[in-house]
Amino acid sequence: EGIFEKTKTAIRSWGKYVPWPVVQILLAAGIDSALKLGMMEVTMFFSDIAGFTTIVEKLPPERSLVLLSRYFNDMSQVIDNHGGIVIEF
């Protein structure tokens with residue numbers, strides 16, 4: 001089996017269980033997919049922008065988009081700087 005086929009198989013296997021950013025990290029590390037159970041310490045970040053609805057109701061759509069884009073960019077950078085992965089916004 002060639003490297004291309006191995007990569008396709010790994011992507012299909014991992015893709016069933018974990019988000020794409022994690023699949024990329026696992027593939028780069030050469031880790032094979034396998035179901036395992038175990039305890040692990042993790043950190044999850046949930047965020048809410050206080051007063052968001054009130055703020056964006058007063059802004060044109062373009063400004064709302066810029067506000068969200070800056071917020072997501074800044075938060076993603078902090079998470080990335082600490083070795084985290086953003087799964088979704």
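Further up the page is the structure itself.
Since we're looking at a predicted model, the values are computed, not measured.

Colleague: It is not clear to me how the layout of surface pockets should be interpreted in this structure. Could you clarify?
Modeller: Rolled over the atoms, a probe sized like a water molecule indicates the empty space that remains. Roughly 1500 Å³ of internal volume is contained in the largest pocket. Forming the walls of the largest pocket are 36 residues, and the residues nearest its centre are Val-42, Thr-43, Met-44, Ile-85 and Ile-87. The residue makeup of the lining of the largest pocket, split by class, is 26 nonpolar, seven polar and three charged. Its boundaries defined by the atoms lining it, the second largest pocket holds a volume of some 170 Å³. What lines the second largest pocket is a set of twelve residues, and nearest its centre among them are Lys-6, Ala-10, Leu-27, Ile-31 and Asp-32. The leading source of residues in the lining of the second largest pocket is helix H1 (residues 3-15), at seven residues. For the lining of the second largest pocket, the class distribution of residues is five nonpolar, five polar and two charged.

Colleague: Is there a simple way to explain the side chain of Ser-64 in this structure?
Modeller: Mapped onto the fold, Ser-64 is located in helix H4 (residues 61-81). Excluding residues that lie within four positions of it along the chain, Ser-64 makes contacts with Val-56 and Leu-59.

Colleague: I tried to follow a nonpolar patch on the surface on my own but got confused; where do I start?
Modeller: Together, Met-40, Val-42, Met-44 and Phe-46 give the surface a local cluster of nonpolar side chains, amounting to about 560 Å² of exposed area. Within the fold, Phe-46 resides in the loop between helix H2 (20-29) and helix H3 (52-57). By relative accessible area, which is 69% here, Phe-46 ends up exposed.

Colleague: Got a minute to help me understand the packing of H1 against H2 in this structure?
Modeller: Describing two packed helices takes the angle between their axes plus the distance from one axis to the other. Relative to each other, H1 and H2 sit at 135 degrees, their axes nearing to 10 Å. In terms of axis orientation, H1 runs oblique to H2. Considering how the two elements wind past one another, H1 and H2 form a crossing that is right-handed. Together, Ala-10, Ile-11, Trp-14 and Gly-15 of H1 and Trp-20, Val-23, Leu-26 and Leu-27 of H2 make up the contact between the two elements. For the contact of H1 with H2, the residue count by class is seven nonpolar, one polar and no charged.

Definitions and limits used
- Residues numbered from 1 in each chain as written.
- Predicted model: local features only at pLDDT ≥ 70, side-chain atom pairs only at ≥ 80, totals over all residues.
- Heavy atoms only, no water.
- 1 Å grid on protein atoms, 1.4 Å probe; cavity = no way out; pocket = protein on both sides within 12 Å on 5 of 7 lines; lining within 4 Å.
- Points joined across faces, edges and corners; volume = space filled by probe spheres on them.
- Nonpolar A, V, L, I, M, F, W, Y, C, P; charged D, E, K, R; others polar.
- Helix = DSSP H or I, 4+ residues; strand = E, 2+ residues; numbered from the N terminus.
- Contact = heavy atoms within 4.5 Å.
- Patch = residues over 30% accessible without salt bridge, like charges linked within 9 Å, V, L, I, M, F, W, Y side chains within 5 Å.
- Areas by Shrake-Rupley, 256 points an atom, 1.4 Å probe, with all protein chains shown as cover.
- Salt bridge = Lys/Arg side-chain N within 4 Å of Asp/Glu carboxyl O.
- Buried < 20%, exposed > 50% of the residue type's maximum accessible area, 1.4 Å probe, protein only.
- Axes fitted to C-alpha atoms, helices over the stretch in contact; angles between N-to-C directions.
- Parallel < 35°, antiparallel > 145°, perpendicular 65-115°, else oblique.
- Left-handed = near helix turned anticlockwise from the far one by under 90°.

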